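Chain by chain, the residues:
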Amino acid sequence: ETGVTQTPRHLVMGMTNKKSLKCEQHLGHNAMYWYKQSAKKPLELMFVYNFKEQTENNSVPSRFSPECPNSSHLFLHLHTLQPEDSALYLCASSPVAGTSESYEQYFGPGTRLTVT
Amino acid sequence: GQNIDQPTEMTATEGAIVQINCTYQTSGFNGLFWYQQHAGEAPTFLSYNVLDGLEEKGRFSSFLSRSKGYSYLLLKELQMKDSASYLCAVFNYQLIWGAGTKLIIKP
C-alpha cells in the first residue's frame with residue numbers, strides 16, 4: 001500500500017450506533033489530520049496530531065473522538081451522531097504539523113458518512 | 001477573521017484557457033496552495049506560492065499578489081480530465097481552505 005488509505009469508504013449509521021473510521025499513511029510522516037468536507041463548504045479542520053500528540057481540536061463536538069496510537073495510524077470514533085454530521089471525512093498527513101514542512105498535505109480518498 | 005473567497009462554479013471549453021480567482025483575508029500568511037479534487041476522490045496538490053509572481057508548471061500556472069490578497073490558477077489547453085473542483089488554501093500555521101471552484105469542461 002502506498003500513500004494514505006482510509007476505511008471504510010462508505011458508512012451508513014443510525015444515530016444510536018458507534019462506529020470508527022480508520023486512516024493509515026505509508027509516507028513516513030509525523031503529522032496526521034482529520035477534515036470534514038460538506039457540499040459547497042470549505043474543508044473544516046477537525047483534529048491535528050503531531051508525533052502522536054493532539055495539537056488541535058477545532059471545537060469539535062465530543063461525539064467525535066480521535067485516537068492516534070502511532071504516527072502511521074489515526075482513528076475517528078463516532079457515537080450518537082446527528083444527521084448534520086453526514087459528510088465526507090478526509091484524513092491527511094504531512095511531514096510535521098505547523099511548520100514549513102506541513103505545506104503539502106497528502107489526503108486519503110475519504111469516508112462518505114451518512115447518518116440516518 | 002479568516003476568509004477565502006473563490007467562485008462556486010465555472011464552465012469552459014475543451015482546448016481553451018480558464019482563470020480561477022481566489023481572494024483571501026487572513027490574520028497571517030505563509031503561502032498559498034491550490035489543490036485539485038475530482039469528484040469522489042482525495043484532493044491532490046497542484047501548486048504553492050509564497051512570493052509574488054507567477055509559478056508555471058506545465059499547463060497549470062499560479063499567480064500571487066500578497067499586497068492585494070489575491071491569487072489565480074490558470075489552466076491552459078483544457079482537457080476533459082481537468083473537470084474537477086479547485087481548492088485554494090492559505091497556510092497560516094494551518095491550512096485555511098476556500099470552498100472550492102467546480103470547473104466544468106464542455107467539448
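Report follows, based on the coordinates. Starting from 1, residues in each chain are numbered consecutively following that chain's sequence as written. As they are written, the chains are lettered A onward and the ligands numbered 1 onward, keeping that order. Where local features are concerned, this predicted model is filtered to residues with pLDDT of at least 70; where side-chain atom pairs are given and counted, the filter is 80 or more; whole-chain, interface and lining totals use all residues. Here the side-chain values reflect all heavy atoms present in the structure, with hydrogen atoms and water set aside.

### Some details on the sheet that holds strand E8 (residues 73-79) of chain A
Residue and element names in this part refer to chain A. One open sheet holds the four strands; their spatial order is E1-E3-E8-E7, and the pairing between them is antiparallel. Each of the sheet's edge strands pairs with one partner strand only, and the pair in question is strand E1 (4-7) and strand E7 (64-70). The sheet shows a mean angle of 20° between the axes of neighbouring strands, direction not considered. Strand pairing is assigned whenever DSSP detects at least two bridges linking the two strands. Each helix is a run of H or I in the DSSP string that is no shorter than four residues. Each strand is a run of E no shorter than two, and both are numbered from the N terminus. Both E1 and strand E3 (residues 18-25) contribute to a ladder of four bridges, which runs antiparallel. To get an axis, a line is fitted to the C-alpha atoms, and for a helix only the part in contact is used. The angle between two axes follows their N-to-C directions and goes from 0 to 180 degrees.

### A short note on empty space enclosed by the protein
Here the term cavity refers to a set of points on a 1 Å grid, laid over the protein atoms alone, in which a 1.4 Å probe fits but cannot get out; the term pocket refers to an open set having protein on both sides within 12 Å along at least five of seven lines, with lining residues being those that place an atom within 4 Å of a point. Grid points are joined across faces, edges and corners, and a volume is the space filled by probe spheres set on the points. A full pass over the atoms with the stated rule returns one cavity of 30 Å³ or more. The calculated volume of the largest cavity comes to roughly 50 Å³. Taken together, ten residues line the largest cavity, and the ones lying closest to its centre are Val48, Ala97 and Gly98 of chain A together with Tyr93 and Gln94 of chain B. Each residue is assigned to one class: nonpolar for Ala, Val, Leu, Ile, Met, Phe, Trp, Tyr, Cys and Pro, charged for Asp, Glu, Lys and Arg, and polar for all the others, Gly among them. Looking at the lining of the largest cavity residue by residue, the classes come out as four nonpolar, five polar and one charged.

### Things to note about the interface of chain B and chain A
Residues count as neighbours in contact if any of their non-hydrogen atoms are within 4.5 Å of one another. Each side of the interface is counted separately: chain B has 18 residues, and chain A has 21 residues. On the chain B side of the contact with chain A, Tyr93, Gln94 and Trp97 of chain B bury the most area, a combined 30% of that side's loss. For this document, the term salt bridge refers to a Lys or Arg side-chain nitrogen within 4 Å of an Asp or Glu carboxyl oxygen. If you look at where chain B meets chain A, you find zero salt bridges. Here a polar contact is recorded for every N or O atom pair within 3.5 Å, except that within protein the pair must consist of a potential hydrogen donor and a potential acceptor, and residues adjacent in sequence are included only if both atoms are side-chain atoms. Taken together, chain B and chain A are joined by four residue pairs in polar contact (both at pLDDT 80 or more). For the side of chain B that touches chain A, the secondary structure elements donating two or more residues are strand E4 (32-37), strand E5 (44-49), strand E9 (84-92) and strand E10 (94-97) of chain B. Tallied by class, the residues present in the side of chain B that touches chain A amount to twelve nonpolar, five polar and one charged. Here the quantity called buried area is the accessible surface, traced with a 1.4 Å probe, that two parts lose on coming together, added over both.

### Here's the deal with the state of the cysteines
Residues and elements named next belong to chain A. A pair of cysteine sulfur atoms is labelled a disulfide when the two atoms are within 2.5 Å. Using the criterion set out here, one finds two disulfides over all chains in the structure. Between Cys23 and Cys91 runs a disulfide, and the two sulfur atoms are separated by 1.9 Å. Here Cys23 and Cys91 share a disulfide; its torsion about the S-S bond, -75°, makes the bridge left-handed. Linking Cys23 in strand E3 with Cys91 in strand E9 (residues 87-94), this pair joins segments that are 68 residues apart in sequence. Each member of the pair, Cys23 as well as Cys91, carries the same accessibility label: buried. Cysteine Cys68 remains unbridged, with the sulfur of Cys91 as its closest cysteine sulfur at 9.1 Å. Partly exposed residues are those whose accessible area sits between 20% and 50% of the maximum for their type, while under 20% is buried and over 50% is exposed, using a 1.4 Å probe and protein chains only.

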